[in-house]
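# Remarks on the overall topology
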Amino acid sequence: EMSPNGKASPLIYKVNGTARHYHLEEHPIASNPYHNPKDVVEASVCHVKDLENGQMREVDLGCGKALLIKENGEFHAVGHKCPHYGAPLVKGVLSKGRVRCPWHGACFNIGTGDIEDFPGLDSLPRFQVKIEKEKVYIRASKQALQTQRRTKMMAKCISLSNYNLSSTNVLIIGAGAAGLVCAETLRQEGFSDRIVMCTMDRHLPYDRPKLSKSMDSHPEQIALRPKEFFCTYDIEVLTEMQVAAVDVKSKIAVFKDGFKMEYNKLLIATGNTPKALSCKGKEMENVFNIRTPEDANRVVKLATSKNVVIVGASFLGMEVAAYLTERAHSVSVVELEEVPFKKFFGERVGRAVMKMFENNRVKFYMQTEVSELREQEGKLKEVVLKSGKVLRADVCVVGVGAVPATGFLKQSGINIDSKGFIVVNKMMQTNIPGVFAAGDAVTFPLALRNNKKVNVPHWQMAHMHGRIAALNMLAHGTEISTVPYLWTAMFGKSIRYAGHGEGFDDVVFQGDLDELKFVAFYTKSDEVVAVASMNYDPIVSKVAEVLAAGRPIRKRDVE
């Protein structure tokens with residue numbers, strides 16, 4: 001039997017009455033995982049007594065490295081680099097059968113290598129370990145040692161040719177991390193029906209955090225998956241397609257151009273829309289919200305050797321400021337608060353970050369707003385502040401927050417709160433059966449904060465939302481319990497953060513803020529609710545593991 005992409009002899013078997021569909025080459029063949037003997041390397045890496053329980057060691061097999069782990073008297077070997085951005089996992093945190101990345105908090109099962117928390121899409125390769133005469137040997141594929149990543153086995157679509165163009169089993173609105181992880185999880189779980197993703201973007205899913213952290217990246221450099229991946233696993237992506245309305249009774253999405261698509265299950269993962277300025281001149285040329293790779297590239301080009309004004313000391317605003325300092329003639333930041341990140345990181349961390357920026361020639365205009373943008377010959381020339389100050393400006397980047405992109409759902413009957421967020425339960429389900437929502441546009445119950453409904457607009461969380469939504473489309477009954485984890489990168493330094501610090505009433509510090517080597521514990525009454533650090537790895541991943549295990553951290557424990 002031919003599959004839709006022309007490969008012969010797929011295996012189809014029934015699970016709970018639904019056809020599952022795999023190709024022979026994707027099946028895990030337990031008897032001999034190494035088909036090509038020339039591709040295999042085996043090496044003695046240490047004595048059994050060299051590692052204590054709970055220890056990890058990076059070991060060299062000659063043509064690549066592996067991470068050797070000893071837990072509960074057993075040895076395991078997996079890839080040594082996090083597939084997300086290549087962090088050395090030996091510097092991460094080992095806890096109860098999984099290792100957590102020291103940089104961005106992704107978690108991997110040490111027995112299987114499977115990814116269990118995000119960011120990133122791929123799992124770790126797993127290698128065979130054997131003990132002979134008190135020596136530990138690792139047997140591994142050379143290719144896996146070199147790539148250091150493994151894409152989980154996935155199903156394909158059984159028969160695309162039978163489909164009516166205007167109907168799909170799963171429709172995913174939005175092609176960010178939540179949408180992509182949902183589609184991939186469905187395929188990993190053996191779902192073999194039609195999946196359609198649609199996006200207003202002109203690109204396939206890409207690494208959005210890089211838009212402000214490395215602004216001259218081209219779309220293909222930051223693509224999350226290559227084009228071939230979507231073809232291989234039959235995940236259809238409709239680009240530059242905007243949904244204008246959803247009719248939940250007849251299960252139809254209506255697109256802006258009039259096209260209609262029927263669905264069986266729906267995921268809404270539309271993310272946020274950046275807020276615009278409300279002052280005179282906001283429509284002028286050279287005033288940007290950074291939404292796409294083209295926006296970011298254009299800002300870099302226009303800012304080179306010119307004067308840049310950034311409105312809003314948000315994560316986006318500050319990352320853009322840091323990126324442009326070496327390229328622009330001048331960089332100024334305008335902000336309503338007295339220090340950057342005050343609500344998020346508190347005043348002392350905000351001040352330390354501000355000082356680092358000032359040492360890199362960034363000028364701050366705090367506790368003021370923009371009253372007008374002035375032009376000369378149709379192009380931006382000056383930014384006028386309410387304080388009366390006039391700043392020279394050739395380019396203006398606006399980072400004053402965002403609102404959920406949910407306007408098209410107003411008449412749908414889907415439950416939306418007063419701020420426009422879609423309300424979901426722990427299984428990412430809305431109030432309408434078969435309709436799920438994920439990512440920046442939702443509020444969900446956060447286990448860490450006694451199931452308080454929160455909005456967590458972060459990259460890692462969007463991944464996890466997408467996974468939970470997919471599992472519950474397949475009726476797994478899986479609830480979300482992940483610990484929020486985020487990072488920001490400026491001037492080659494990173495602030496890492498885990499937890500949910502909203503409403504913190506005190507901060508306990510260790511280390512030296514002036515030296516930018518510190519950890520800050522955010523507390524509410526007597527409990528640590530979040531942690532942030534700079535140059536203090538892997539403390540944030542350690543705290544995230546403790547919180548993930550459901551163990552409270554008291555204020556006195558960190559004092």
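Residues numbered from 1 in each chain as written. Predicted model: local features only at pLDDT ≥ 70, side-chain atom pairs only at ≥ 80, totals over all residues. Heavy atoms only, no water.

### Remarks on the pairing of strand β23 (residues 330-335)
With five of six residues buried, β23 lies mostly within the body of the structure. Pairing between strand β22 (residues 307-311) and β23: five bridges, direction parallel. Following the sheet pairing, Ile310 is matched in β23 by Val333. Since β22 and β23 lie parallel, the crossover through helix α6 (residues 315-324) that links them has a hand, and here it is right-handed. As paired elements, β23 and strand β24 (residues 362-366) share five bridges and run parallel to each other. Pairing of Glu335 across the sheet is with Met366, part of β24. (Buried < 20%, exposed > 50% of the residue type's maximum accessible area, 1.4 Å probe, protein only. Helix = DSSP H or I, 4+ residues; strand = E, 2+ residues; numbered from the N terminus. Pairing = 2+ DSSP bridges. Right-handed = clockwise from strand over helix to strand, strands pointing away.)

### Notes on the pattern of salt bridges
Any two side chains of opposite charge can pair if their charged atoms end up close together. For the structure on display, the rule yields 29 salt bridges. A salt bridge links Glu132 to Lys130; the shortest N-O distance between them is 3.5 Å. A relative accessible area of 41% places Glu132 in the partly exposed class. A relative accessible area of 34% places Lys130 in the partly exposed class. (Salt bridge = Lys/Arg side-chain N within 4 Å of Asp/Glu carboxyl O.)

### Some points on helix α5 (residues 293-303)
Those residues of α5 that fall on the buried side of the exposure criterion are Pro293, Asp295, Ala296, Val299, Val300 and Ala303. Buried residues of α5, viewed axially, fall in a sector of 165°; they line one side. Along its buried surface, α5 packs onto α3 (210-213), β21 (287-288), β22, α6 and β28 (395-398). Ser305 sits one or two positions beyond α5 and adopts a positive phi of about 60°. (Arc of directions from axis to C-beta. Contact = heavy atoms within 4.5 Å.)

### Concerning the nonpolar core
Among the nonpolar cores identified, the biggest contains 77 residues, and Leu171, Ile173, Val246, Leu267, Ile268 and Phe444 are the most heavily contacted of them. When residues of this core are assigned to their parent elements, the largest contribution, eight residues, is made by helix α9 (residues 459-473). Discounting chain neighbours no more than four positions away, the residues touching Val246 are Ile173, Ile252, Tyr263, Leu266, Phe408, Leu409 and Ser412. Of all hydrophobic cores here, the second largest spans 49 residues; its members include Met318, Val320, Phe341 and Ala520. (Core = buried A, V, L, I, M, F, W, Y, C linked by side-chain atoms within 4.5 Å.)

### Section: the side chain of Thr443
In this fold, Thr443 is placed in strand β32 (residues 442-446). Classification of Thr443 as buried rests on a relative accessible area of 8%. Those residues within four positions of Thr443 in sequence are excluded, and the remaining contacts are Asp417, Phe421, Ile422, Val423, Val424, Lys453, Val454 and Asn455.

### Quick notes on the sheet that holds strand β15 (residues 235-238)
If you walk across this open sheet you meet the five strands as β15-β14-β13-β19-β31, and the pairing is parallel. The open sheet has two free edges, formed respectively by β15 and β31 (435-437), since each of these has just one partner strand. Averaged over all adjacent pairs, the angle separating strand axes in this sheet is 20°, with direction ignored. Strand direction decides the pairing type here: strand β19 (residues 265-268) and β31, joined by three bridges, are parallel. Residue pairing in the sheet places Leu266 in a bridge with Val435 of β31. On top of the sheet, α9 reaches β13 (170-173), β19 and β31; it is set at about 170° to β19, its chief contact. (Axes fitted to C-alpha atoms, helices over the stretch in contact; angles between N-to-C directions.)

### Focus on empty space enclosed by the protein
Summed over the entire model, instances satisfying the criterion amount to one cavity of 30 Å³ or more. Put simply, the largest cavity is a space of about 60 Å³. Forming the boundary of the largest cavity are Ile115, Phe118, Leu121, Lys152, Val181, Glu184, Thr185, Gln188 and Arg467. Among the elements that make up the lining of the largest cavity, the one with the highest residue count is helix α2 (residues 177-188) (four residues). The class makeup of the residues in the lining of the largest cavity is four nonpolar, two polar and three charged. (1 Å grid on protein atoms, 1.4 Å probe; cavity = no way out; pocket = protein on both sides within 12 Å on 5 of 7 lines; lining within 4 Å. Points joined across faces, edges and corners; volume = space filled by probe spheres on them. Nonpolar A, V, L, I, M, F, W, Y, C, P; charged D, E, K, R; others polar.)

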